[in-house]
Amino acid sequence: MRFDLPEAVTATRPRTMKARVIVTLKSGVLDPQGRAIGNALAGLGFAGVNEVRQGKLIELDLADGTTAADVEAMCKALLANPVIENYRIELA
Amino acid sequence: MKTAVIVFPGSNCDRDLAVALHEITGTAPAMVWHRDTELPDGLDLIALPGGFSYGDYLRSGAMAARSPIMAAVVAAANDGRAILGVCNGFQVLTETGLLPGALMRNAGLDFVCRDVALSVANSQTAFSARYDAGETIRIPVAHHDGNYAADDATLDRLEGEGRVVFRYAEPVNGSARDIAGIVNDAGNVLGMMPHPERLIDTAQGGTDGRRLFEGLMAALA
């Protein structure tokens, strides 16, 4: 059975948006941690991995009104270091 | 000579730097809390210490570089004031953009804590005037993220402009072109991973670090 909330309730409930920021090392930047993970996988018998690159996933629970441009600014100001890292933003 | 040491929560070598600066300049440095927004007037040197800052969340030095005091430090640097960043202080300087490149996890993944041999690549800076070019000195390192990285164009520029001041003379952390310490374009900002403040007295096992501060004092006085 489907139950719809009265319109008055849905209208006042704040819309929450989540952003996922995926930070990865630029190609060409050595990743000793990724290599260590690769070596460990090989040690466990997983032979099918050519290379491992380790990155970061940062999840942001955004307040109402926060825009994609705001998240982009956060990436530039703090979340990624453009010298060594790339970033990608997914909004949901 | 009037000096200041920036104090971040989690730093521990701020005290080592304070002792070295007090001993060598004869005057105790101002200890400036990272939440402050203004530096004392008339400073000749601002030192950013080593030791973990804020646990190095996100990236080494990332939080410290966004501390309120850093806007004043960047302004002072752009004004020509001498800035010395040691270890975590070097990481903070790259995170603020005052120095190019970044310091990544050591290639061997180990925390490296020992005396290392350095060669003096440029003895013409205010920070290295008391060393001879090509001289090998011994200074301790203590870091997990000292692996200097920058793109080839940046590395070529640093080398071409004589901005590499210290190089590792032995394998330490995988740093690009064995870079241990660099200066900015104007030559008034030095970042280095080794800890000169830990070798200023024979009681500490040597005085190779002392000459950095003595040279600075002569240059800035």
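Above this text is the structure in question.
Quick notes on the interface of chain B and chain A
When the parts come together, some accessible area is lost, and that loss is often what is quoted as the size of the interface.
Piece 1. Taken residue by residue, the interface counts 13 residues in chain B and 16 residues in chain A.
Piece 2. With both chains or domains summed, chain B and chain A bury close to 1,100 Å², and 67% of this area falls on carbon and sulfur atoms.
Piece 3. Considering only the surface of chain B that becomes buried against chain A, Leu58(B), Arg59(B) and Met104(B) emerge as the three largest contributors, covering 44% of it.
Piece 4. One can count 1 salt bridge joining chain B with chain A.
Piece 5. One salt bridge connects Arg59(B) with Glu85(A), and the closest N-O pair in it is separated by 3.7 Å.
Piece 6. Counting every contact that joins chain B to chain A gives 5 residue pairs in polar contact (both at pLDDT 80 or more).
Piece 7. Per-class residue counts for the side of chain B that touches chain A are 7 nonpolar, 2 polar and 4 charged.

Thoughts on the packing of helix α1 (residues 14–25) of chain B against helix α6 (residues 210–220) of chain B
Residues and elements named next belong to chain B.
Piece 1. Two numbers describe how α1 lies on α6: the axes approach to 10 Å, and their chain directions differ by 55°. Taken together, the axes of α1 and α6 are oblique relative to one another. With respect to the hand of their crossing, α1 and α6 are arranged in right-handed fashion. Residue-level inspection shows Leu17, Ala20, Leu21, Glu23, Ile24 and Thr25 of α1 in contact with α6, the latter providing Arg210, Phe213, Glu214 and Met217.
Piece 2. For the contact of α1 with α6, the per-class residue count stands at 6 nonpolar, 1 polar and 3 charged.

Some details on unusual backbone geometry
Residues and elements named next belong to chain B.
Piece 1. Of note, the phi angle at Leu58 is positive, near 70°, even though the residue is not glycine.
Piece 2. Within the fold, Leu58 resides in the loop between β3 (45–48) and α2 (62–65).
Piece 3. Not every positive phi belongs to a glycine, and Cys87 is a case in point at roughly 60°.
Piece 4. In this fold, Cys87 is placed in the loop between β4 (82–86) and α4 (88–96).
Piece 5. Given a relative accessible area of 5%, Cys87 falls into the buried group.

Comments concerning a nonpolar patch on the surface
Piece 1. Taken together, Leu44(A), Phe46(A) and Val49(A) make up a surface patch of nonpolar side chains, about 320 Å² in accessible area.
Piece 2. Checked against the element boundaries, Leu44(A) lands in the loop between α2 (32–43) and β2 (56–62).

Rules used throughout
Residues numbered from 1 in each chain as written. Chains lettered and ligands numbered in written order. Predicted model: local features only at pLDDT ≥ 70, side-chain atom pairs only at ≥ 80, totals over all residues. Heavy atoms only, no water. Contact = heavy atoms within 4.5 Å. Buried area = accessible area lost by both parts, 1.4 Å probe. Salt bridge = Lys/Arg side-chain N within 4 Å of Asp/Glu carboxyl O. Polar contact = N/O pair within 3.5 Å; in protein donor to acceptor, adjacent residues only side chain to side chain. Nonpolar A, V, L, I, M, F, W, Y, C, P; charged D, E, K, R; others polar. Axes fitted to C-alpha atoms, helices over the stretch in contact; angles between N-to-C directions. Helix = DSSP H or I, 4+ residues; strand = E, 2+ residues; numbered from the N terminus. Parallel < 35°, antiparallel > 145°, perpendicular 65-115°, else oblique. Left-handed = near helix turned anticlockwise from the far one by under 90°. Buried < 20%, exposed > 50% of the residue type's maximum accessible area, 1.4 Å probe, protein only. Patch = residues over 30% accessible without salt bridge, like charges linked within 9 Å, V, L, I, M, F, W, Y side chains within 5 Å. Areas by Shrake-Rupley, 256 points an atom, 1.4 Å probe, with all protein chains shown as cover.

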